[in-house]
Structure formats: structure tokens, C-alpha cells
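In case you want the letters, here they are:
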Amino acid sequence: MSNQFGAKAMLRSALLMTGSTYVAYAAGLVASMLVARALGPADFGRYAYLIWLSGVLVLLMNHGLTTSAIRFVSESLGRGDHAGAQALHRWFQKRQGWSILAVGTVFLAGLPILKPAGWEGHLAFFALVALSASATKAWYLFSISVAKGHGRFGVEASSVSALSLVNLIGAGVLAWIGVPLEGFMLLFLVVSIAHPVMATIQLRRADIRKGGRDCEETLLQRVRPHLFWTMVSTFVFAFSNKSVETFLLNKLAGPEAVGFFTIAATLTRGGVELLSTGLTTVLMPMMANAFGAGGRDRVNRIAGDAVRYFHFLGLLLTGVGFFWAAPVIALMYGDKYAPTAFALQMMVIIRGFTLSHAAFGALLSITDNQRLRAAESIFAVVVSAATALWLVPRYGLMGAIFAHMLSTAAVFLFSFACVRIVLKVPLPYGDMARMTAAAVSAAAVSMGALIATDAPSSLHQILVGVLYVLTYLACTLVFKVWNQYDLAMLGNLGNRIPAFKRLAFLLIPWARHV
């Protein structure tokens, strides 16, 4: 089992997750475009609101169960305690069932104030779709979290890829037929139900099962506090991650604004996942296994490298997203969705500069600092709610955009302070400064190419985005961003893909020796 967490296995898993995310993102993007064009801004806003609300319910149903399951199942396997990992599976799953029931009851009680703006259909139909899709998706996410704890990342990769294609085909057929909003809601429900079915089949094939005995009390004394503080963090996160902005837009600005805001948020999240999902997926299990096998020092080294890679990917996202936002929205969604472009530009800028927050969160969780994570989450919801309540009623969509940017920056700085000042984890400031200098240089060159034309076409803007990528990569070599350990990892990957080994050899003159 330990081989699932070796360096080569982690690289394979990262590539597997990255590939599946590319498939899922591309399929989801086209499906979203088909739904948006078929329904128009108002009904698409109601559809997007359903997707958002379902996502919030999933977070609340699972609260800290998925994070704690990954952390302690993986750690138990790192100690060679397979029976303990199975017992934890059983303990977590029992609590998830009660959690789904409790959250579902609260949702039904609050249904009159949670329905989409302008909803004219049966409220019971909306409740059935939202609650059933949320419950099944929560069950699925718990199952794949246990699989990740076992190092089986293929369970998520294969199910996400297959079902995203099913959703795409379904959306295409429904758009061609011309069904109303309710038809797309039913498609969302069917695809959601299919997720746990696929995951259950794959877990059985991998012989990942819950145990028949109870967990040892000494282990539960560590699990319960971790779960509690993770639960607090997740509950607060559910109401801070663009939730207040989306709810207020639905109530005050109408479904069209919800649609614009949601499209920008979805494209931003998709860009993040395309670039970083492989690293994000393997990071926590890898840290937990390292913590169980080697302790804090080994975890700190992994965290330092993760921060470097996240910062590099974030700056890449920032430039590409900024230059491609307007042409992508125009080509995919049409002129009716033009207000989305500015929202997308602002979101990719703030998300790119704060992408390394993912490494901070994983580090706090793995080192049993859930109280700090909870404090961060409480701070996040307070800042998010305050900025949204201040700006959205006054400025509508623009207010929601800037409220999101302010709260995201504030939470990142809070997390940075926790990691650096409280945990005293050394961070690669020099490497991050070199990457930032490379990105600024590339942005200056690309902006010059953009303003050289008074009215740049969509093709011109896309080519400028490509110029940014090429210039940024070249500047990382000029500024000596990479070191010999990065090339060694690239060389190991070259054992499977020879082109990477040749690339590592070519980059030797540009690498720093540390």
C-alpha cells in the first residue's frame, strides 16, 4: 500500500488527475455554453443558482468528513495499520449519513427563502432536484476521499471524466430539442445520482471497504478534535466562498446577475483546476503519509515546494485569464453575456495571486492545526459577509466582484500569517519573487502588443495571451526560477515520458544550484 504514496506513484496520480480534469473541464465548459445559449440569461441564472445551492448543501452535508477521512486514513496506512484505516472508514461513513439527514431537514425548512428569484414552477420539484442531487454528490465525494486516503486517485479520475461526457451529450441533446429549464434540472439530477454509483463499483473493485470493528479510542481522541475544527472551517467556508454575494445577487439584482457572476466564477475555478488539480489532489495525502512516516520536517519541505509550484501556476493563470476573458466570453456565450468578461478578469487576477493558499490550508490540516483553520474560516465569513453587504446592495454585480476580491485577499494574508508567524514554516520568498518578476516582465510585453491596436479583435487578444505564456516561461529561465531538484523530478517523470527527460537535460544550464 505504501507504494501508492511513492514519488513515482504521486507523479502518475498527478498526471492522471490533471488529464481527467482537462476532460471534465472541457466537457463542462461546452455543456455550460449550450445550456446558457439555450436558456438565455434569466433562466440560466436560475439554473446556475441551483448548481451553486447544491454545492453549498454538499459542503454542509460532508462538513469536515472528507478532509479528516483523507488525513487519517492515509496516515494509518503510512503506519501500516490497514485495519485501523478500515475502521475509520466505517466511523466516518456512519456520521455522514446523519449529517445528510440533518442538512436536508434544515434545507426543507428554509426552502421559501432559498428558491431562485422569479421561480414560477412547483417548489416541490425544485426541492426534490436540489436535495437529491446534493445528497448523492455528498456521498460520492466522501467515497472518493476515502479512495484518495488509500492512494487510489483513479476512482475520481475515471468517474469524473466519464460522467462529464455523459452530461455534455445530455446537454447537447436537450438544447437541440429545445427543452425548458426543468429539463436541464433533471439532467443535473441524473448525472449527480450516477456519481456515487460509479464510485461504489470502483471501490469494491479496489477492495476498499469499511471495517467491522470500532476505532481505537486513542486514535479517536485525535480524530474528534480534527473533525470538529475541520467541520467549523467547512461550515464557515460554505458561507464565505462567494455564497453571500450569490445569495444577495439572487435577491437584489436578479437571475441575470447571478448567471454572469457564476459563469465568471466557474471559468476561474476551471482554470485553477486545469493548472493545479494534479498537485492539489496528491498534496494532502502525500503530506499525511509523510507526517506519519517522517514527521514535521519532511512535511515542511513538501509544503515549501508546493508553495513554489502553486505560485508559478497562479501567475500563469493570471496573465492568460486576463487577456483571454473577453474573447472567450464573446465566442462561447455571445453578446448577451458581455458583462461576464470584466468579472472573469478580476477573478483570475485575485485567484492567481493567491493560489498558494491551497498549500497553506493543507499544511494547517495535516499538522493538526485545525483551530487555526477554523479561525481563518471565521475570519473569511466575517470579511466576506461585511464586504458583500456593503457593496452588493449599492453596486450589484460590480459590488459582488470587488467584495469577492477584497475578501479573497484578506483571507490569503490571514492564512499566510498563520503559516509563517505561528507555525514558523520557512517559505521560498526568493523563488516567489523571481516568478513574480518573470510574470511582470511578460505582462509588460503582452500589454504592449495589445495596446498597439486601437480595437483588437478576439484573435488578436488570444494571440496576446499565447505571447504572455511564452514570454513568462522564457523569463522564468532568465530569472533562474528553477533548481536542480526541479530538474531531477522532471527527469524521474521522463522515465515514463522520454520527452521530459530531454527537456530536463536542455534546462540544466538555466537551473540554480541550491
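In this text, all values refer to a predicted model and were calculated from it rather than measured experimentally.

Here the focus is the environment of valine 464. Note on placement: valine 464 falls in helix H17 (residues 458-478). Taking C-alpha positions, valine 464 is 6.7 Å from alanine 449, a pair spaced 15 residues apart along the chain. The residues contacting valine 464, other than those within four sequence positions of it, are Phe323, Ser446, Ala449 and Leu450.

Despite not being glycine, lysine 480 shows a phi value in the positive range, around 55°. Within the secondary structure, lysine 480 sits in the loop between H17 and helix H18 (484-493).

Turning our attention to helix H7 (residues 181-205). With 25 residues, H7 extends 38 Å from end C-alpha to end C-alpha; this agrees with the ideal 36 Å at 1.5 Å per step. Trailing H7 by a residue or two, aspartate 207 shows a phi angle of about 55°, which is positive.

Those residues of helix H9 (residues 243-253) not exposed but buried are Ser243, Val244, Glu245, Thr246, Leu248, Leu249 and Asn250. Downstream of H9 by a residue or two, glycine 254 has a phi angle that is positive, lying close to 100°.

Turning our attention to the nonpolar core. Grouped together as the largest cluster of nonpolar side chains are 75 residues, with contacts concentrated most on Phe44, Phe107, Phe126, Leu267, Ile329, Tyr333 and Tyr337. Among the elements that take part in this core, helix H1 (residues 7-62) stands out by supplying 19 residues, more than any other. The contact partners of isoleucine 329, leaving out residues within four places of it in the chain, are Ile263, Leu267, Gly334, Tyr337, Ala338, Thr340, Ala341 and Leu344. One finds Val272, Phe360, Phe412 and Ala438 within the second-largest nonpolar core, a separate group that totals 38 residues.

Empty space within the second largest pocket amounts to approximately 380 Å³. In terms of lining, the second largest pocket is formed by 16 residues, of which the most central are Tyr25, Gly271, Leu317, Val320 and Trp324. When residues of the lining of the second largest pocket are traced back to their parent elements, those giving at least two are H1, helix H10 (255-294), helix H11 (296-332) and helix H12 (340-353). With 7 residues, the single largest contributor to the lining of the second largest pocket is H11. Split by residue class, the lining of the second largest pocket holds 14 nonpolar, 2 polar and no charged.

Below, the discussion takes up the pattern of salt bridges. Considering all chains together, one arrives at 3 salt bridges under this definition. A salt bridge links aspartate 43 to arginine 46; its shortest N-O distance comes to 2.7 Å. Of this pair, aspartate 43 and arginine 46 both sit in helix H1, 3 residues apart, which is roughly one turn of the helix. Given a relative accessible area of 16%, arginine 46 falls into the buried group. Across the salt bridge formed by arginine 434 and aspartate 431, the nearest N and O atoms sit 3.2 Å from each other. Highlighted residues: arginine 434 and aspartate 431, both in helix H16 (residues 429-451), separated by 3 residues, approximately one helical turn. Given a relative accessible area of 28%, arginine 434 falls into the partly exposed group.

Conventions and cut-offs
Each chain carries its own residue numbering, running from 1 in the written order of its sequence. Confidence filtering applies because this is a predicted model: local features only for residues at pLDDT of at least 70, side-chain atom pairs given and counted only at 80 or more, and all residues used for totals across whole chains, interfaces and linings. As a convention, hydrogens and water are excluded, and side-chain values are obtained from all of the structure's heavy atoms. We count a stretch as a helix when DSSP gives it H or I for four or more residues in a row; a strand needs E for two or more, and each element gets its number in order from the N terminus. Any two residues whose heavy atoms approach within 4.5 Å are treated as being in contact. Helix span, expected: 1.5 Å multiplied by one less than the number of residues in the helix. When a residue's accessible area, from a 1.4 Å probe over protein chains only, is under 20% of the maximum for its type it is buried; when over 50% it is exposed; and in between it is partly exposed. We define the nonpolar core as a collection of buried residues of types Ala, Val, Leu, Ile, Met, Phe, Trp, Tyr and Cys that are connected through side-chain atoms lying within 4.5 Å of one another. Points on a 1 Å grid over protein atoms alone make up a cavity when a 1.4 Å probe fits among them but cannot get out, and a pocket when they form an open set with protein on both sides within 12 Å along at least five of seven lines; lining residues each have an atom within 4 Å of a point. Grid points are joined across faces, edges and corners, and a volume is the space filled by probe spheres set on the points. Amino acids are sorted into nonpolar (Ala, Val, Leu, Ile, Met, Phe, Trp, Tyr, Cys and Pro), charged (Asp, Glu, Lys and Arg) and polar (every other residue, Gly among them). Note on definitions: salt bridges are taken to be side-chain nitrogens of Lys or Arg within 4 Å of carboxyl oxygens of Asp or Glu.

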